[in-house]
Amino acid sequence: MTATLSAAPPASEPKPLPAPGDPTLRRMADAIRALAMDAVEQAKSGHPGMPMGMADVATVLWSRFLKFDPADPAWPDRDRFILSAGHGSMLLYALLHLTGYEAMTMAEIKRFRQFGSATPGHPEYELSQGIETTTGPLAQGLGNAVGMALAERIVAARFGADLIDHHTYVIAGDGCLMEGLSQEAISLAGHLQLGKLIVLWDDNSISIDGATELATSDNQLERFTASGWDAVAVDGHDTDAVAAAIEHARRTPLPSLIACRTTIAFGAPKKAGTAAAHGAPLGPEEITGARKRLGWEYPPFVIPDDVAHWWRAVGSRGAAAHAAWNERMAKVSQGERTVFEHRTTGVLKSGWREALAGVKAKFAADSAKMATRQASGTVLDALTPAIPTLVGGSADLTGSNNTKAKNQKLVAAPDYAGTYIHYGVREHGMAAAMNGLALHGGIVPYGGTFLIFADYLRPSLRLAALMKQRVIYLLTHDSIGVGEDGPTHQPVEQLASLRAIPNLHVFRPADAVETAECWELALTRHDGPSVLALTRQGLPTIRGDAEENRSARGAYVVAEAQGPRQMTLLATGSEVSLAMAARVLLAERGIRAALVSMPCWELFEAQEASYREAVLGSAPRLAVEAAASFGWERYVGSSGNFIGMKSFGASAPAEDLFRHFGITAEAVAAAAVALVEKGTAA
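Before going into details, it helps to say that this report is about the structure given with it. Source: prediction; values computed, not measured.

## Some remarks on the sheet that holds strand β19 (residues 641–643)
Ordered in space as β15-β17-β16-β18-β19, the 5 strands form an open sheet in which the pairing is mixed. At either margin of the open sheet sits one strand with a lone partner, and together these are β15 (556–559) and β19. Mean inter-strand twist for the sheet, computed between neighbouring axes without regard to direction, equals 30°. The pairing of strand β16 (residues 567–571) with strand β17 (residues 593–597) spans 5 bridges and is parallel. Opposite Thr568, over in β17, you have Ala594 as the bridge partner.

## Structural notes on the environment of Ala118
Assignment of secondary structure puts Ala118 in the loop between α4 (106–110) and α5 (140–159). In this structure Ala118 comes out as buried when scored by relative accessible area, which is 10%. The spatial distance from the C-alpha of Ala118 to the C-alpha of Gly399 is 45 Å, given a sequence separation of 281 residues. When near neighbours in sequence (up to four residues on either side) are disregarded, Ala118 contacts Tyr93, Met104, Glu108, Leu127 and Ser128.

## Here's the deal with the layout of surface pockets
There is about 800 Å³ of room inside the largest pocket. Residue lining of the largest pocket: 34 residues in total, with Tyr125, Thr344, Ala438, Leu439 and Gly441 positioned closest to the centre. When contributions to the lining of the largest pocket are tallied by element, the ones reaching two or more residues are α13 (334–345), α17 (427–440) and β11 (444–450). Each residue belonging to the lining of the largest pocket can be placed in one class, and the counts come to 15 nonpolar, 12 polar and 7 charged. Of the pockets and cavities examined, the second largest pocket occupies roughly 500 Å³. Lys369, Gln537, Leu578, Glu655 and Phe658 are the residues nearest the centre of the second largest pocket, which is lined by 21 residues in total. Of all the secondary structure elements, the ones that give two or more residues to the lining of the second largest pocket are α21 (574–588), α25 (654–660) and α26 (665–681). With 5 residues, the top contributor of residues to the lining of the second largest pocket is α21. Looking at the lining of the second largest pocket residue by residue, the classes come out as 8 nonpolar, 6 polar and 7 charged.

## Some thoughts on the packing of helix α14 (residues 352–365) against helix α15 (residues 372–386)
As a packed pair, α14 and α15 sit with axes 9 Å apart at the nearest point and diverge in direction by 155°. Regarding the angle of α14 to α15, the classification is roughly antiparallel. The two elements α14 and α15 meet at a crossing, and its hand is right-handed. Each of Trp352, Ala355, Leu356, Val359 and Phe363 in α14 lies in contact with α15, whose residues at this interface are Ala375, Thr378, Val379, Ala382, Leu383 and Ala386. Across the contact of α14 with α15, the residue classes break down as 10 nonpolar, 1 polar and no charged.

## Points about the sheet that holds strand β14 (residues 530–534)
With parallel pairing, 6 strands are arranged side by side in an open sheet as β10-β9-β11-β12-β14-β13. Pairing within the sheet leaves two strands with one partner each, and these edge strands are β10 (420–422) and β13 (505–507). Strand-to-strand, the axes of this sheet are offset by a mean angle of 20°, without reference to chain direction. Judged from the 3 bridges that link them, strand β9 (residues 390–394) and β10 form a sheet pairing that is parallel. Bridging across to β10, Gly393 finds its partner in Ile421. The strands that helix α20 (residues 512–523) touches are β9, β11, β12 (472–476), β13 and β14; relative to β14, the one it contacts most, it runs at about 165°.

## Concerning the nonpolar core
It is characteristic of soluble globular proteins that their nonpolar side chains tend to be buried jointly. Core analysis: the biggest nonpolar cluster contains 137 residues, and Trp62, Met90, Ile258, Trp311, Tyr473 and Leu498 have the highest contact counts within it. Setting aside anything within four residues of it in sequence, one finds Ile258 in contact with Ile198, Val199, Leu200, Trp201, Val232, Val234, Ala245, Ile246 and Ala249. In this structure, Met567, Leu616, Val624 and Met645 belong to the second largest nonpolar core, which totals 53 residues.

## Considerations on empty space enclosed by the protein
A probe matching the size of a water molecule, rolled over the atoms, marks out where space remains unfilled. For the structure shown, the criterion picks out 2 cavities of 30 Å³ or more. Roughly 80 Å³ of internal volume is contained in the largest cavity. As for the largest cavity, its lining consists of Trp62, Leu66, Phe68, Pro73, Arg78, Asp79, Phe81, Tyr101, Gly130 and Glu132. Grouping the amino acids of the lining of the largest cavity by side-chain chemistry returns 6 nonpolar, 1 polar and 3 charged. Within this model, the second largest cavity holds a volume of roughly 40 Å³. In this structure, the second largest cavity is lined by Phe81, Ile82, Leu83, Leu92, Pro123, Ile131, Glu132, Thr133 and Thr135. Here the element with the most residues in the lining of the second largest cavity is strand β2 (residues 80–83); it accounts for 3 residues. Considering only residue class, the lining of the second largest cavity consists of 6 nonpolar, 2 polar and 1 charged.

## Some thoughts on the pattern of salt bridges
Throughout the structure, instances matching the rule amount to 29 salt bridges. Notably, a salt bridge pairs Glu152 with Lys196, separated by 3.6 Å at the nearest N-O pair. Remark: Lys196 occurs in the loop between α7 (180–191) and β4 (197–203) and Glu152 occurs in helix α5; sequence separation between them is 44 residues. According to the relative accessible area criterion, Glu152 is buried, its value standing at 1%. One salt-bridge network, held together by shared partners, links Asp478, Arg499, Arg508, Glu575 and Glu625.

About the thresholds
- Residues numbered from 1 in each chain as written.
- Predicted model: local features only at pLDDT ≥ 70, side-chain atom pairs only at ≥ 80, totals over all residues.
- Heavy atoms only, no water.
- Pairing = 2+ DSSP bridges.
- Helix = DSSP H or I, 4+ residues; strand = E, 2+ residues; numbered from the N terminus.
- Axes fitted to C-alpha atoms, helices over the stretch in contact; angles between N-to-C directions.
- Buried < 20%, exposed > 50% of the residue type's maximum accessible area, 1.4 Å probe, protein only.
- Contact = heavy atoms within 4.5 Å.
- 1 Å grid on protein atoms, 1.4 Å probe; cavity = no way out; pocket = protein on both sides within 12 Å on 5 of 7 lines; lining within 4 Å.
- Points joined across faces, edges and corners; volume = space filled by probe spheres on them.
- Nonpolar A, V, L, I, M, F, W, Y, C, P; charged D, E, K, R; others polar.
- Parallel < 35°, antiparallel > 145°, perpendicular 65-115°, else oblique.
- Left-handed = near helix turned anticlockwise from the far one by under 90°.
- Core = buried A, V, L, I, M, F, W, Y, C linked by side-chain atoms within 4.5 Å.
- Salt bridge = Lys/Arg side-chain N within 4 Å of Asp/Glu carboxyl O.

Here it is, written out as structure tokens:
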């Protein structure tokens, strides 16, 4: 539905009170405006315009609708508030301070954008209470919110509305809606009918370059309506109209957009409504003028007692709902309560390790070739019944990624009781939603696509690493082994670029046994995301042992030299078996070579120096990986060599491509011989 609840354009001009709506709410909103102006001015850096423009909307939302309790910021049934327009971070910080979040003191407000403060330039998850996700890259918060709203439905389907029944609210800006991610997110949310997702759009028509009409002329209400949303427009400075719009949105079964026509830097005498207020301090003269226009007569960082009292009352409003929720929880059986607590805190159901160990033992005993993507699918067949919180999906590549287990039921409106999501061709939207699923709690998300399309989801993957979220990416078709699909689909530089992301574990297993081990490591990791780079082509079983998780140390000696090492071969993934064949060829020439599998560089780097030195050895080293060489120099050193890709791939059967690009056992053996001879001559 598209509607107008009150006259929207033009926005109310900044003027002294009285103004549209409740004067008490306007005065409360002016406290937000004052803190935003003052903090940005003191920092000599920041974005005052958005907080000043959206202060009325935020005040209505937080005072009348948002369910939260500052005394317990992690209450599982709280509403989620996402500031997708993260550059306006002072809006969120002001709200957290005014409503009584203990960690958001006035001292922290005064330290806005300073090193070590709880008030960085853009909101950062867990840096302070009440920040649900890290935002700043535009539209990421909107994408996360889709995942959070979906998580609410999935968890509610398991535990019922008595324990899980909350909304997800988003404040998004013009820039959020321009980003391509926004279309993926709103399309997915509309398809899934996420009726408890409400987006408040700061429709101020201003971007950094100037008026938004310089770059866009979209009709956003029609756009959202076409994607299955309810959409209305209001004057964002009329608090009564905003409240009516939120009431309407809470009643509709569809996700909702409320276009809030606002004036950026509302109240500023000269810069209101201009790009000058977007990303720079207003300046002392403009702030003085704004205080006069708003009737705000207090010094910087001073909140009058009456306004402070009103806001603290807002902060205490959720205590009753929280207490009622606690009473309902107390009536739940102890067993169910434990399941709920474990699920919402990320504890995996017991028994999954045994299920995985059984699969791993079968892999070790079976010598048949198997693609690691297929091995991952077999692992999922065992894990999904054992871990009810494991919720997966794929960006329209389910059969290729092997991401859907045999027992999994689909997540689809109106039945959200399943554990598998068809994300469609929306890699970025999938990754952003997975972050939201993880952040909400109660779900361990995994998702699949081709490794080459990691470039389509990288911004959200990077944020998962920054936020230390347990999100698992199954990125298949990991090399020129893709074959006939050609260079557009054959990853070359992707492994190196993923390994460059801090706090991301990149696993490239060599066989089915290592695949099971890498799954175990990804699931037991609570402080960051993991990528499993998996093959299209079948690989022989390298490991016949299944007791110890040897991948846990990142790299290990698969086969030691028969006597003192003359050569150390280093490899990952499909090239481990190739290097194993090269080792046999070297042995036939009397060269003693060790083979090291390196499924996860990041874990290997975390080992003690003595272990790393023992694995790498002192002999010349030759690395082989069907990818770019970037990063391998740290392991092969100046005296070693690398065999891999130096260009894009080509369209041909995989076997032909490996021969063409010189990634064969014979080529590895020849390069190793050359290194040994070079060392002998020296």
